[in-house]
Amino acid sequence: MNDKIDLDKVYAPSEDVVVREIEGEVVIVPLVSGIGDVEDELFTLNETGRDIWKRVDGSKPLAAVVRELAEEYDAPAGLIEGDVVGLLEELLVRKMVVEKQ
Amino acid sequence: MTGKAYVKKIRSGEARLWPSRRPLLTRLDIELTERCNNNCVHCSVNRPAGDYDAREREWGAESWKKLLGEAAVLGCLVVRLTGGEPLLRGDFEEIYIQARRLGLRVMIFTNATLVTPGLARLLKDMPPLEAVEVSVYGMKKETYEAVTRTPGSFDAFRRGLRLLRDNGVPFIVKGAVLPGTRGEMDEFEAWAAGLPGAAGLPSYAQLFDLRSRRNGRKNALISSLRPDAAEFVRVSRRHGEEAVGEWRDFCGRSGGGHGGRLFSCLPSGGSASVDPYGQLQYCLGLRHPATVYDLATGSLREAVTEFLPRVRDMRSADRAYLERCGRCFLKGLCEQCPAKSWAEHGTLDTPVEYFCGIAHAQAAAAGLLEPGEKAWTVADGAARTKQRS
């Protein structure tokens, strides 16, 4: 279990990014400085990331996201959990998601 | 599910996001105003800052914000705010903030003289995600203000640039090769190399556009400031033969003449431009009435999906164009295009002798043409380019 990402917590997209869906791609655009390594970067998600991202909307804990995806993909929860935690780690370090209090 | 590297970074100018299906619009150029606080000798868009008629006709912030929203819906990622001098507008920040909140990258073309501490802080806190592009007209006050014809503009430009630099706002500088600035090119390049984020030589405006709004007196002045073909080649070779090699490569890649097709430069899902009064065009110079769409009578979506494709399909019936430009293997190298023909001749397809001469000089320097040879008489330009590369 990762020590930063807590499956019992609720996460939501940060207000410091603008998230756009363009031609099937999720594009994350920094709104303030300090999101990317340099100031002219945008970000997209891979297919797995897109499926997870759609559910990380501030309405439910990550554990529920894992359950939903495990059901939809008929896959072991442990495998799904690895992907969810992996994505959230990346998003959190880039300040693209925030933990909802 | 599986996944490593869930998040991918995309740097400005890197490979396109959508290799097979592009958004309906990828970039929108907005000329916020024709007005400028400078009065540059070579500029094709600079009505006086206080021009009442122009200011009265300009779209207000609400119209621009609505248009930006429509552009975002069409998938647009980049908006360029230019002018005239876009910072002349009191509502510039409002328009800029809206563009950023919609998730657009913003390119700003400016002379930097009107950058305020507040604007520099805004660009620091809410970065445009594209380097601000600053035009520089000389290294010395006398040189600079001989170009801008505006007392105090040199100090104002230096102050604006300092504000950008002190706030860590990425910017690039661009020069203009004019009779008065040619002697300062080395100094300009050395200075530019010392600026934050400098990479390579700065770019220059050299083959100045005439006024697309077709003002005869100003166009005569602009024409008189352009370099002749030999001078253009000489300036391009200042740092060696790299530019000449690029011209040769460009001819090799551009595939020769395009027959009667006028708009070889315009892919679908590309860019569009809007002037200060809501007139949409493929590019800001293309003001022929048949190629302009009044956004007051329709929508950006309609313009992009229905009007611009019709423009893109336009073909030339001009004999001189078909016999020369339509067959010319330097077509990709030559600056002639419908916008340039419009500015020079008031048509979409009259060959432009000035650009024709420049392209021929480039090709001769690249060893692709013999002295006196006309490129449109070369039967197989692709073979010629391959053979001599």
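Criteria and thresholds
- Residues numbered from 1 in each chain as written.
- Chains lettered and ligands numbered in written order.
- Predicted model: local features only at pLDDT ≥ 70, side-chain atom pairs only at ≥ 80, totals over all residues.
- Helix = DSSP H or I, 4+ residues; strand = E, 2+ residues; numbered from the N terminus.
- Contact = placed C-beta atoms within 7 Å.
- Axes fitted to C-alpha atoms, helices over the stretch in contact; angles between N-to-C directions.
- Parallel < 35°, antiparallel > 145°, perpendicular 65-115°, else oblique.
- Left-handed = near helix turned anticlockwise from the far one by under 90°.
- Domains from an automatic or database assignment.
- Core = buried A, V, L, I, M, F, W, Y, C linked by C-beta atoms within 7 Å.
- Buried ≥ 20, exposed ≤ 12 C-beta atoms within 10 Å, placed from the backbone.
- Bend = angle between axes of the 7 residues up to and from the residue.
- Expected span 1.5 Å × (residues − 1).
- Pairing = 2+ DSSP bridges.
- Nonpolar A, V, L, I, M, F, W, Y, C, P; charged D, E, K, R; others polar.
- Right-handed = clockwise from strand over helix to strand, strands pointing away.

Asker: Got a sec to walk through the environment of Arg226(B)? Specific residues and values, please.
Answerer: All names here are of chain B. Tracing the chain through its elements places arginine 226 in the loop between α8 (216-225) and α9 (229-236). Each C-alpha atom of the pair arginine 226 and glutamine 206 lies 6.7 Å from the other, and the pair is 20 residues apart in sequence. Here arginine 226 is in contact with Leu207, Phe208 and Tyr354, once residues within four sequence places are set aside.

Asker: Just give me the short version of the packing of helix α2 (residues 62-73) of chain A against helix α3 (residues 77-93) of chain A, but keep the residues and values in it.
Answerer: Residues and elements named next belong to chain A. Running from amino to carboxyl end, α2 crosses α3 at an angle of 130 degrees, the nearest separation of the two axes being 9 Å. The orientation of α2 with respect to α3, classified from their angle, is oblique. For the element pair α2 and α3, the recorded crossing hand is right-handed. Across from Leu62, Val65, Val66, Arg67, Leu69, Ala70 and Tyr73 in α2, the residues of α3 making contact are Ala77, Ile80, Glu81, Val84 and Leu88.

Asker: An account of the domain arrangement of chain B is needed here, citing residue identities and associated values.
Answerer: The assigned domain composition of chain B is domain 1 (27-205 + 270-274) and domain 2 (241-261 + 316-389). Relative placement of domain 1 of chain B and domain 2 of chain B: their C-alpha centres are 32 Å apart.

Asker: Outline the nonpolar core, listing residues and values.
Answerer: Counting residues in each nonpolar core, the largest one holds 76 residues, and the members touching the most others are Ala71(B), Cys76(B), Val79(B), Leu104(B), Val106(B) and Leu164(B). Inspection of this core shows a minimum of three residues originating in each of domain 1 (27-205 + 270-274) and domain 2 (241-261 + 316-389) of chain B. Counting residues in each nonpolar core, the second largest holds 27 residues, with Val66(A), Leu69(A), Val97(A) and Tyr6(B) among its members.

Asker: Pulling in residues and values, what's your account of helix α11 (residues 300-312) of chain B?
Answerer: Residues and elements named next belong to chain B. Where α11 bends most, at glutamate 306, the angle is about 30 degrees, and the proline proline 309 comes one to four residues later. Buried residues of α11: Leu300, Ala303, Val304, Leu308 and Val311, and no others. In this structure, the buried side of α11 is in contact with α2 (61-73), β10 (271-274), β11 (279-281) and β12 (293-294).

Asker: Talk me through helix α10 (residues 242-254) of chain B; I want residue IDs and the actual numbers.
Answerer: All names here are of chain B. Here α10 contains 13 residues, and its C-alpha end-to-end distance of 18 Å stays within 8% of the 18 Å for a straight helix at 1.5 Å per residue. Against α14 (353-365) and α15 (381-388) lie the buried residues of α10. A positive phi of about 80 degrees marks glycine 255, the residue just after α10.

Asker: So what about the sheet that holds β12(B)? Which residues, and what values?
Answerer: All names here are of chain B. Strands sit in the order β9-β8-β7-β6-β5-β2-β10-β11-β12 across an open sheet of 9 strands; the sheet is mixed. Edge positions in the sheet fall to β9 (203-205) and β12, since each of these pairs with one other strand and no more. Direction of pairing for strand β7 (residues 132-135) relative to strand β8 (residues 171-176): parallel, over a ladder of 4 bridges. Residue pairing for β8: glutamate 133 is matched across the bridge by isoleucine 172.

Asker: Break down the interface of chain B and chain A for me, with residues and values.
Answerer: Each side of the interface is counted separately: chain B has 27 residues, and chain A has 32 residues. Listing elements by their share of the side of chain B that touches chain A, those giving two or more residues are β1 (7-11), α3 (92-101) and α4 (117-125) of chain B. Broken down by element, the residue count for the side of chain B that touches chain A peaks at 5 residues, all from β1(B). Considered class by class, the residues forming the side of chain B that touches chain A number 13 nonpolar, 5 polar and 9 charged. The pairing of strand β4 (residues 41-45) of chain A with β1(B) spans 5 bridges and is antiparallel. By the bridge assignment for β1(B), Leu42(A) is matched with Ile10(B).

Asker: Got a sec to walk through the pairing of β7(B)? Specific residues and values, please.
Answerer: The side chains of a regular strand alternate, first on one face of the sheet and then on the other. Residues and elements named next belong to chain B. As paired strands, strand β6 (residues 105-110) and β7 are joined by 2 bridges and run parallel to one another. Across the sheet, the residue bridging to threonine 110 is valine 134, located in β7. Considered for its hand, the β-α-β crossover made up of β6, α4 and β7 is right-handed.

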